[in-house]
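These are the residues of each chain, in order.
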Amino acid sequence: MNGYEMAGPEHKSSKRSLYVAMSILALVLLMAVAGCSKEEETPTATAAPASSDGGSQVASGVSAIAAERGLTEADIEAAVKTFVPSGTHDEYIQFASGGHSGQMLIIGLPSMRLLKVVGVYTPEPWQGWAVGDSGATGHILDDGNLADGTDLTWGDTHHPALSETAGDYDGDWAFINEKANGRIAVIDLRDFETKQIIKNPLSMSNHGATMVTPDTEWVIEGGQFPAPLDGSYASIDEYEEKWRGVLTMWKFDRSTGRINYDESFAVETPPYWQDLCDAGKLASAGLIFCGSFNSEMATGGIEDGNPPLEAGISQADMDYLHIFDIKKMTDAVAAGKTDLINGFPVISLETAASEGILHFAPEPKSPHGADVTPDGEFVVVSGKLDPHVTVYSVPKIKAAIAAGTDERDVFGVGILDFDTVVEVQVEVGLGPLHTQFDNQGYAYTSLFLDSAVARWTLGGSFSDLHSEPDWELITKTPVHYNIGHLATAEGDTVSPDGKYLVAMNKWSIDRFNVVGPLLPQNFQLLDISE
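Residues numbered from 1 in each chain as written. Predicted model: local features only at pLDDT ≥ 70, side-chain atom pairs only at ≥ 80, totals over all residues. Heavy atoms only, no water.

Novice: It is not clear to me how the overall build of the chain should be interpreted in this structure. Could you clarify?
Specialist: Helices and strands together make up the secondary structure of the chain, namely nine helices and 30 strands. In the chain, which comprises 530 residues, the share counted as buried stands at 55%. Long-range pairs, those at least 24 residues apart, make up 61% of the contacts in the chain between residues at least 6 apart in sequence. Looking at the chain as shown, the accessible area adds up to about 23000 Å², and 54% of this sits on carbon and sulfur atoms. (Helix = DSSP H or I, 4+ residues; strand = E, 2+ residues; numbered from the N terminus. Buried < 20%, exposed > 50% of the residue type's maximum accessible area, 1.4 Å probe, protein only. Contact = heavy atoms within 4.5 Å. Areas by Shrake-Rupley, 256 points an atom, 1.4 Å probe, with all protein chains shown as cover.)

Quick look at the structure:
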């Protein structure tokens, strides 16, 4: 999730602690509506007398309110924990995607107040973003238009990321992707305004974005749906021959606060559907991990006797975790081993395979998340159709790559042996998607079908942080409902804070006032401090 300045007065660290919630959801601001009649008197505040029974008077007042509203002790505790008085700043700021609004949301924690909507891919009148001022900000939005000049004034934001130094948030910049049209935006956190929008010249969509390397040298954009990279037409019958995926490496220049287009490049990948990516850190620095599905290369066509698309892409027991080596990428670019496609340098799939830039590790079918632990020693993959999280050992991956492999896919990419590189599998529940981490040696995985958050223990260097057995499910906390992404405080850095977890739920169903047939989505705050 990811980045900004910690404003709590008790925060003593010199770093600016930020964290972003990566969400595919558009946040709906929920308002509690209280009915007040005109006959009611204006309430006045009365100070409790300075006496020994002042505390009991407060407790009595709270008890009366609780009884009147039918509140439990747990309800009151939750209200007190999340209450932030006016004039007092939240402990954290959460950066969240605005989904089909095309914007980025700034939310205070623990108050869960919506502090600002940052205009990104859609004109936003309140702050004058790309509205009636083509010279001031409108040109930034125009820079993300299609190559044929078609205006893009809408978007689908998914995954924010914050700039990092040595794997920790530094609070300087934020990045957010736009899935529907394959765009990347840069936001300056000095004024929380968008400074740059880039349209990917090769990909019509993206999903495994935006993620950054530990010192923000690179902003990673993984495509999702394959297509001919030059934008030409190719029949679906030529899917395996002419359709391709792509991973784009955008070079970020801190001195200008902009992506340097001329120093960026891409890696051609097979026409599997690449999903979320994560950059390695510490023990895994220099590697990038991206989940993928549809290794079957299914294209639907029930009229021709093929399985429906959703069934076709879920037939195989395994898909492929993509493992990219950044140094081998940059070495290939420096050696001129690229082709120009739409004027953009691309490392071909053949070169990526032969130079060892890309390797595969089998992963359970239809995976969604690929999340690196804070120490960089493990990669956690969640298969939506498998009740386990699969934990890969980075040292084992490195050793397997060094030893070489004879097994290859149809495009010549080396496939590592599953049992050789996997550390453990942990059964957590139905529909696992994404995983975040805390400072106590626990991992938290969203369970879409269970509508719950699974808390489970990590092993390795995390064993001494908890008292339970390693690699074991501890609890499942229900949420409302069908959680997708989740975020813990600085949970994707080298030093997570723990304390808070935000569940990003796709459905509210019966939770709130009826506002029409479209149900509000919601963010739900969980206390994970104990």
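So much for the structure itself; the text now carries on.
Novice: So what exactly am I meant to see when it comes to the state of the cysteines here?
Specialist: Note: disulfide means a covalent bond formed between the sulfur atoms of two cysteine side chains. Across all of its chains, the model carries one disulfide by this definition. The residue that forms a disulfide with C277 is C290, at a sulfur-sulfur distance of 2.1 Å. Here C277 and C290 share a disulfide; its torsion about the S-S bond, 105°, makes the bridge right-handed. Pair noted here: C277 is in strand β13 (residues 273–279) and C290 is in strand β14 (residues 287–293), with a separation of 13 residues, a long-range link. With respect to burial, C277 and C290 carry one shared label: buried. (Disulfide = S-S within 2.5 Å.)

Novice: Would you explain the sheet that holds strand β15 (residues 318–325) in this entry?
Specialist: Two modes of strand pairing occur in sheets, parallel and antiparallel, and in both the strands are linked by backbone hydrogen bonds. Taken in spatial order, the five strands make up an open sheet running β13-β14-β15-β18-β22, and their pairing is mixed. Across the chains shown, the open sheet's two edge strands, defined by having one partner strand only, are β13 and β22 (414–415). Note that β15 and strand β18 (residues 358–364) share seven bridges and pair antiparallel. From the neighbouring strand, L321 faces β18, where its bridge partner is A361. Sitting on the sheet, helix α6 (residues 326–334) touches β14 and β15, and the angle it makes with β15 is about 60°. (Pairing = 2+ DSSP bridges. Axes fitted to C-alpha atoms, helices over the stretch in contact; angles between N-to-C directions.)

Novice: Help me understand the nonpolar core in this model?
Specialist: A general tendency of soluble globular proteins is for nonpolar side chains to be buried together. Grouped together as the largest cluster of nonpolar side chains are 37 residues, with contacts concentrated most on I220, L247, M249, I288, F324, M329 and I347. In this view, I288 contacts I220, L247, M249, C277, D278, H322, I323, F324, I326 and M329; residues no more than four positions away in its chain are not counted. (Core = buried A, V, L, I, M, F, W, Y, C linked by side-chain atoms within 4.5 Å.)

Novice: Whenever I open this one, the packing of aromatic side chains confuses me. Can you help?
Specialist: Pairs of aromatic rings are described using the distance from one ring centre to the other and the angle between the two planes. By the definition in use, this model includes 18 aromatic pairs. Ring geometry for W456 versus W471: centroids 6.4 Å apart, planes at 35°, classification tilted. Of the two residues, W456 is situated in strand β26 (residues 452–457) and W471 in the loop between β26 and β27 (473–478); the sequence distance between them amounts to 15 residues. Both residues of the pair, W456 and W471, belong to the buried class. Site record: aromatic cluster; members linked through ring pairs are Y272, Y320, F360 and F411. Cation over ring: K251 sits above W218, and NZ or CZ is 4.7 Å from the ring centre. Lying across the ring of F293, K384 places its NZ or CZ 5.1 Å from the centre. (Phe/Tyr/Trp six-rings, centres within 6.5 Å; stacked < 30°, edge-to-face > 60°. Lys NZ or Arg CZ within 6 Å of the ring centre and 35° of its normal.)

Novice: Mind showing me how you'd approach the sheet that holds strand β20 (residues 378–383) here?
Specialist: Overall, antiparallel pairing links the four strands, which are arranged β19-β20-β21-β23 in an open sheet. Of all strands in the sheet, those bounded by a partner on one side alone are β19 (367–372) and β23 (422–427). Going from strand to strand, the sheet's axes swing by 20° on average, the running direction of each strand aside. Examined bridge by bridge, β19 and β20 share five bridges and lie antiparallel to one another. The residue bridging V372 from the neighbouring strand is V379, located in β20. Against the sheet, helix α8 (residues 394–403) makes contact with β20, β21 (388–393) and β23, and its axis sits at roughly 60° relative to β21, the strand it touches most.

Novice: Would you mind going over the pattern of salt bridges with me for this structure?
Specialist: It is possible for side chains of opposite charge to pair when their charged atoms get near one another. Considering all chains together, one arrives at 15 salt bridges under this definition. The shortest N-O distance in the salt bridge between R183 and E178 comes to 2.9 Å. Close ionic contact of K396 with E423 constitutes a salt bridge, the shortest N to O distance being 3.4 Å. Here E423 lies in strand β23 and K396 lies in helix α8, a separation of 27 residues in the sequence. (Salt bridge = Lys/Arg side-chain N within 4 Å of Asp/Glu carboxyl O.)

Novice: What am I meant to see in unusual backbone geometry here?
Specialist: Glycine aside, residues mostly have negative phi angles, and peptide bonds mostly take the trans form. Note that the residue after A209, namely T210, is joined by a cis bond; omega there is -10°. Geometrically, the link from H480 to Y481 is a cis peptide bond, its omega value of -20° lying close to zero. Tracing the sequence through the fold places Y481 in the loop between β27 and β28 (483–489). In this structure, M297 takes a positive phi of about 55° despite not being glycine. Inspection of the secondary structure puts M297 in the loop between β14 and α5 (309–312). Its identity is not glycine, yet S366 carries a phi of approximately 55°, on the positive side.

Novice: Help me out: how do you make sense of the environment of Q524 in this one?
Specialist: Here Q524 shows up in strand β30 (residues 522–527). In the structure, Q524 is positioned 21 residues away from A503 in sequence and 5.0 Å away in space, judged by C-alpha atoms. Excluding residues within four positions of it along the chain, Q524 makes contact with P478, V479, H480, L501, V502, A503 and N505. A distance of 3.1 Å separates a polar side-chain atom of Q524 from the backbone nitrogen of H480. Among the polar contacts listed, one links the side chain of Q524 to the side chain of N505, at a separation of 3.1 Å. (Polar contact = N/O pair within 3.5 Å; in protein donor to acceptor, adjacent residues only side chain to side chain.)

Novice: Would you explain α8 in this entry?
Specialist: Along an α-helix, a turn takes 3.6 residues, which lines up residues three or four apart on a common side. Of the residues making up α8, those classed as buried are V394, I397 and A400. Taken around the axis of α8, the buried residues stretch over an arc of 125°, which confines them to a single face. Of the exposed residues in α8, the ones pointing more than 90 degrees away from its buried face are A402 and A403. Buried residues along α8 sit in contact with β14, β15, β20, β21 and α9 (418–421). One or two residues past the end of α8 sits G404, with phi positive at roughly 85°. (Arc of directions from axis to C-beta.)

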